[in-house]
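Structural overview for review
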Amino acid sequence: MSAMLEITRPHDALPEWRLAESLVDYPEAVAAMEARVAEIAAGTASELVWLVEHPPLYTAGTSADPADLLAAGRFPVHRTGRGGQYTYHGPGQRVVYLMLDLGRRQPDLRAYVRNLEAWIIRSLAAFGVAGERREGLVGVWVAMPTGGYDKIAAIGIRVRRWVSFHGIAINVDPDLEHFTGIVPCGVRGAGVTSLQALGVAATMDEVDAVLRREFEAVFGPALTPSAAP
């Protein structure tokens, strides 16, 4: 398993934050999330926010349409139990896996997704980027000067015993050409963008710091203390 560098170990009412110090293979990430979710549900581990980058790959959510996989042999394709359709992950994209005890926080999936969107929008605003929701579409979008919207962040979640896993992916500076092998999230006629493509030269460390700050602003601590791992 790839080594993970712990950023901080907060008191029991706040999630643990970890940063993967190297690219994490997707099956490894899923196995780690499955194990942690089981521990949180059993009351033997604290919540976890895990910051990772993956090697280039495509994931297919539970609603993925095979017709949306345009280049099947280009990168590995991983079937996954999260909601949503096809997404791309790769270097330069900040993926955040959130293992939160929603049963202690707010057992409302719709509210959880709205909070994830708000978290992303607040974080983008710190870099001068106006992220937006779009009716009927999950994720965060940016209005383009030439018209239309490009997607800058994807959301895909799964919940087991009211503990969340999977999470969000924000395009910091990935190779946007890699998205052409799929119809991202099944939305045809829309593009994808990144902070770099929008002229924001933010480092991953800077993005991580803002995400941490805005997470606490949106989610706060859990409602009751979680058990120490």
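Quick look at the structure, then. (Residues numbered from 1 in each chain as written. Predicted model: local features only at pLDDT ≥ 70, side-chain atom pairs only at ≥ 80, totals over all residues. Heavy atoms only, no water.)

Some points on the pattern of salt bridges
This is how the line gets drawn: Think of a salt bridge as a Lys or Arg side-chain nitrogen and an Asp or Glu carboxyl oxygen that are within 4 Å of each other. Only DSSP runs of H or I reaching four residues or more are called helices, and only runs of E reaching two or more are called strands; each is numbered from the N terminus. Each residue's exposure class comes from its accessible area (1.4 Å probe, protein chains only) as a fraction of the maximum for that residue type: buried when under 20%, exposed when over 50%, partly exposed otherwise.
Summed over all chains, the structure comprises 13 salt bridges. Glu214 serves as the salt-bridge partner of Arg122, at 2.7 Å between the closest nitrogen and oxygen. One end of the pair, Arg122, is in helix α3 (residues 109–125); the other, Glu214, is in helix α4 (residues 204–218), with 92 residues separating them in the sequence. The exposure class assigned to Glu214 is buried, which follows from its relative accessible area of 7%. Ionic pairing is found between Glu216 and Arg212, a salt bridge with its closest N-O pair at 3.0 Å. Of the two residues, Glu216 and Arg212 both sit in helix α4, 4 residues apart, roughly one turn of that helix. A network of salt bridges, in which partner residues are shared, links Glu47, Asp101, Arg104 and Arg105.

Description of empty space enclosed by the protein
Defined as follows: Think of a 1 Å grid over the protein atoms and nothing else: a 1.4 Å probe that fits but is trapped marks a cavity, an open set flanked by protein within 12 Å on at least five of seven lines marks a pocket, and residues with an atom within 4 Å of a point count as lining. Grid points are joined across faces, edges and corners, and a volume is the space filled by probe spheres set on the points. Amino acids outside the nonpolar list (Ala, Val, Leu, Ile, Met, Phe, Trp, Tyr, Cys, Pro) and the charged list (Asp, Glu, Lys, Arg) are all regarded as polar, and Gly is one of them.
Across all of its chains, the model carries 3 cavities of 30 Å³ or more by this definition. If you add up the space inside the largest cavity, you get close to 110 Å³. Contributing to the lining of the largest cavity are 16 residues, with Lys151, Ala154, Asn171, Phe179 and Cys185 lying nearest its centre. Of all the secondary-structure elements, those providing two or more residues to the lining of the largest cavity are β6 (86–89), β10 (149–160) and β11 (163–171). In terms of residue class, the lining of the largest cavity is made up of 11 nonpolar, 4 polar and 1 charged.

Remarks on the pairing of strand β2 (residues 16–20)
Using the following cut-off: Two strands are counted as paired when DSSP detects at least two bridges linking them. Crossover handedness is defined here as right-handed if the route from the first strand over the helix to the second strand goes clockwise, with the strands pointing away from the viewer.
In terms of burial, β2 is a largely internal element, 4 of the 5 residues being buried. Relative to strand β3 (residues 48–52), β2 is paired through 4 bridges, and the arrangement is parallel. Bridging across to β3, Trp17 finds its partner in Val49. Considered for its hand, the β-α-β crossover made up of β2, helix α1 (residues 26–42) and β3 is right-handed.

Remarks on the nonpolar core
The criterion, for reference: Here, nonpolar core means buried Ala, Val, Leu, Ile, Met, Phe, Trp, Tyr and Cys residues that are tied together by side-chain atoms lying within 4.5 Å of each other. Should any heavy atoms of two residues lie within 4.5 Å, those residues are counted as being in contact.
Counting residues in hydrophobic clusters, the biggest one holds 34 residues, and the most contacted among them are Leu98, Leu116, Trp119 and Leu195. Going through the elements one at a time, β2, β3, β7 (93–99), α3, β9 (137–143), β10, β11 and α4 are the ones with two or more residues in this core. Counting residues per element, this core draws most heavily on α3, which supplies 7 residues. Among residues more than four places away in sequence, those in contact with Leu116 are Leu98, Ile155, Ile157, Ile168 and Phe219. Formed by 19 residues, the second largest nonpolar core is a distinct cluster that contains Met33, Ala45, Leu48 and Ala169.

Let's talk about α4
Which entries qualify depends on this criterion: The span expected for a helix works out to 1.5 Å for each residue beyond the first.
Counted at 1.5 Å a residue, the expected span for α4 with its 15 residues is 21 Å, and the 21 Å between its end C-alpha atoms agrees. Where α4 is buried, its residues touch β2, β3, β7, α2 (102–105), α3 and β11. Phi for Gly220, located one or two positions after α4, is positive at around 65 degrees.

From the geometry alone we can't say anything about function, so treat these as descriptive.
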